[in-house]
Amino acid sequence: MSEYHFQTEVSQLLDIIIHSLYSHREIFLRELISNSSDALDKLKYLTLTDEKHKNIKFEPRIDISFDGKDHKTLTVSDTGIGMNRQDLIEQLGTIARSGTKNFLDQLTGDVKKDSSLIGRFGVGFYSSFMVADKVEVISRKAGEEEAFRWISDGKESFSVEEASRENHGTTVILHLNEDGKEFANRWEIESIVKKYSNHIPFPIFLEYEETKYEGKGDKQREKKERKVEQINTASALWKRPKSELTDEDYNEFYKIISHDTEDPLFYIHTHAEGTIEYTTLFYIPKKAPFDMYYPDYKPGVKLYIKRVFITDDEKELLPTYLRFVRGIIDSEDLPLNVSREMLQQNRVMVNIRTASVKKLLGEFQSLSESNPDKYAEFIGEYNRPLKEGLYSDFTNRETLLELVRFKSTERDGYVSLAEYKERMKDDQKAIYYITGDREENLRNSPLLEAYKSRGIEVLIMDDDIDEIVMPTVGKYRDLEFKSVNRSSAADDLKTEKDKKREKEIKPIIQKIKKALGDKVKDVKASTRLNDSPACIVADENDPTIKLQQILKAMGQKDMPEFKPILEINPNHEIVGKLMNTDDDALIDDVSHLLLEQALLVEGCELKKPSDFIKRLNRIMVKAI
Ligand code: ADP
């Protein structure tokens, strides 16, 4: 017998599951059945496609039994793919998913918050320890001779030893604790299975003891009889007609395939018939999956072919930006032995994928019209991935532009582009937006002053992805997008009076430019400022300062430095006073301070703060 320590993350997770999900502890059974169902799926696939597994006798079933007497136990057994020693140690002793540590760090110890977070992670096998003080797993891998027993009390360690098992598959024996004893009961088990696992596509049998009475009067005798009864419908839920299914059926099935503890936000079930025949059942989780922003996130859509499970590890079934979608695609037309590489080019698969994206986006759009509150919830979680779609899914860009939402100077919360267009001024030529770091900084940015005074709405883009996405979007209907952070956006605002003033202050602009030298790309008179004396913008085709920071953070090292353009408010008192002085040292200090304050307002760091302080002090001495 060998003893092993759980990976630290497993111990932590065990602790959290036990505390945060205690009031839903019956879900342990759903999790075990779900694992068995996955194991059956995997073996079924191999017996149909893999030479080595073709001769295996495959009789898919899940068996539940219990001992309700003294040492109460509950046993879940399957005829699935099974695990060998290595598998047991790795799969039931570590968590291989990326971001696990990060996820665990987010947990607060607040039971309520944690229980909703843990749903996004998926609880799985370890939930057994909510109801058991010892768990045994006896497993034999299909195609192998040896069997092994894994045992643990769910604290710090587990052990693995050789064991025997007649056939391939896995048996999980729970030694129930005080809180788990209630589950060693026929009615309890039956009702949980009906509720959570009715529609998994394999039969679940329950073995129980029935007491019968024989004879009459004095001769009556008690006779115990063991019975085995199938307790679920065992029909693949997604293949059933929609009319036969209730919301509850759908929601429980969602929990089986996603391991989420909460109901989904909504679901979309489609039976397509015609040139290609397939069924899709998609779910949108209420909360975004915890690993949505990790490069090696776990995909949420499973592919079936004629009800045979093919893969749950294929990221290309839907475009990356829809990676939060959970569910099933089941095709009637794909060949069972379709290979990974073939899958992505397969005409049938491409058609299903294209139609599925259209369907999903269409449903999102209907939701935005029919149920704005629910849509707001949806956007709260998934606005960002949809923006990724703007960048990557050219064919659906128009629909995506209707779906995404933005913050705005006109409203709290989010607005759609359609609303923006509706509110536009008659002579307004473009959709204006401002990008940058923090919403509050952006709302108070001097760049917005001229728009505010003219009553023009500006979209506030504080998501770092906006910087990358927006310049690629082009147009919304017939309207161009213009970044307020760039030099040309304000040209639209220029009046005759502005042009005259620009000429007047030209000499001082020249002086500032000379003082700043190569610290700036150019110095110009501004049309966008009201109260502030200066601001910085990016030249038309240069990345904004913020984007430069993002690219640097992403590891782009050899990027040239793009210098900002300094814009000066021609009507500001400082400019007026500068025109009337010959003090070159003063002009030099003021020029630098104008640039430095404009950088600070944008949230940029100054290269030499000490120089800034010296200048400021010199000016203060003169002023006092
Ligand atoms: P998840 O199911 O989310 O991967 P679990 O902690 O429930 O997480 O299970 C971990 C792994 O252990 C599974 O991915 C699977 O490889 C293996 N496993 C669990 N139960 C079984 C089973 N009944 N048969 C075969 N493998 C299993």
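Residues numbered from 1 in each chain as written. Predicted model: local features only at pLDDT ≥ 70, side-chain atom pairs only at ≥ 80, totals over all residues. Heavy atoms only, no water.

Topic: the state of the cysteines
Under the defined criterion, the tally for this structure stands at zero disulfides. Here C535 is not cross-linked by a disulfide; its sulfur's nearest cysteine counterpart is in C604, at 12 Å. For C535, a relative accessible area of 2% translates into the label buried. (Disulfide = S-S within 2.5 Å. Buried < 20%, exposed > 50% of the residue type's maximum accessible area, 1.4 Å probe, protein only.)

Focus: the sheet that holds strand β22 (residues 565-568)
With mixed pairing, three strands are arranged side by side in an open sheet as β20-β22-β21. Pairing within the sheet leaves two strands with one partner each, and these edge strands are β20 (522-525) and β21 (534-537). Pairs of neighbouring strands in the sheet enclose a mean axial angle of 25 degrees, with direction left out of account. In the sheet, β21 pairs with β22 via four bridges, with the strands oriented antiparallel. By the bridge assignment, V537 is partnered in β22 with I565. Across the sheet, helix α20 (residues 584-601) touches β21 and β22, and the angle it forms with β21 is around 65 degrees. (Pairing = 2+ DSSP bridges. Helix = DSSP H or I, 4+ residues; strand = E, 2+ residues; numbered from the N terminus. Axes fitted to C-alpha atoms, helices over the stretch in contact; angles between N-to-C directions. Contact = heavy atoms within 4.5 Å.)

Quick notes on the environment of M83
Inspection of the secondary structure puts M83 in the loop between β3 (73-78) and α3 (85-91). Since its relative accessible area comes to 15%, M83 is described here as buried. M83 sits 44 residues away from A39 along the chain, and the two C-alpha atoms are 9.4 Å apart. If we skip the residues at most four places from it in the chain, M83 touches L88, Q91, L92, V137, S139, R140, K141 and T170.

Side note on a nonpolar patch on the surface
Together, L616, M620 and I624 line one region of the surface with nonpolar side chains, adding up to about 330 Å² of accessible area. Position of L616 relative to the elements: it lies in helix α21 (residues 609-623). Among the residues examined, L616 registers a relative accessible area of 33% and is labelled partly exposed. (Patch = residues over 30% accessible without salt bridge, like charges linked within 9 Å, V, L, I, M, F, W, Y side chains within 5 Å. Areas by Shrake-Rupley, 256 points an atom, 1.4 Å probe, with all protein chains shown as cover. Salt bridge = Lys/Arg side-chain N within 4 Å of Asp/Glu carboxyl O.)

Considering the site of the ligand
The ligand sits among N35, S36, A39, D78, M83, Q91, L92, G124, F125, T170, H259 and K298. N35 places a polar side-chain atom, nitrogen or oxygen, 2.8 Å from an oxygen atom of the ligand. Within the side chain of D78, one N or O atom sits 3.0 Å away from a nitrogen atom of the ligand. Summarising the interface, the protein chains cover 81% of the accessible area of the ligand, which totals 530 Å² for the free molecule. Take the shell around the ligand: its biggest share by element is three residues, from helix α2 (residues 27-49). (Near = heavy atom within 4 Å. Polar contact = N/O pair within 3.5 Å; in protein donor to acceptor, adjacent residues only side chain to side chain.)

Quick look at the domain arrangement of the protein
Along its sequence, the protein is organised into domain 1 (2-211 + 227-235), domain 2 (238-383) and domain 3 (406-623). The gap between the C-alpha centroids of domain 1 and domain 2 is 25 Å. Between domain 1 and domain 2, the residue contacts involve 34 residues of the former and 30 residues of the latter. In total, domain 1 and domain 2 occlude about 2,700 Å² of area from one another, counting both sides; carbon and sulfur atoms represent 58% of this. Interface area lost by domain 1 to domain 2 is led by Y45, R120 and H199, which between them contribute 23%. The tally of links between domain 1 and domain 2 comes to one salt bridge. (Domains from an automatic or database assignment. Buried area = accessible area lost by both parts, 1.4 Å probe.)

With respect to α20
The end-to-end C-alpha distance of α20 is 26 Å, a good match for the 26 Å that 18 residues give at a rise of 1.5 Å each. Turning to α20, the residues buried within the fold contact α17 (506-516), β21, α18 (545-553), β22, α19 (573-579) and α21. The distance from a side-chain oxygen at the start of α20 to the backbone nitrogen of A585 is 3.2 Å, and the residue carrying that oxygen is D583. Immediately beyond the C-terminal end of α20, within one or two residues, lies G603, with a positive phi of roughly 80 degrees. (Expected span 1.5 Å × (residues − 1).)

Some words on the packing of α2 against helix α6 (residues 186-197)
A packed helix pair is summarised by two numbers, namely the angle formed by the two axes and the spacing between the axes. Relative orientation of the contacting elements α2 and α6 amounts to 60 degrees, with a least axis distance of 10 Å. Judged by the angle between their axes, α2 and α6 are oblique. With respect to the hand of their crossing, α2 and α6 are arranged in right-handed fashion. The residues of α6 that touch α2, namely those facing I27, L29, R30 and I33, are I189, I192, V193, Y196 and S197. Each residue belonging to the contact of α2 with α6 can be placed in one class, and the counts come to seven nonpolar, one polar and one charged. (Parallel < 35°, antiparallel > 145°, perpendicular 65-115°, else oblique. Left-handed = near helix turned anticlockwise from the far one by under 90°. Nonpolar A, V, L, I, M, F, W, Y, C, P; charged D, E, K, R; others polar.)

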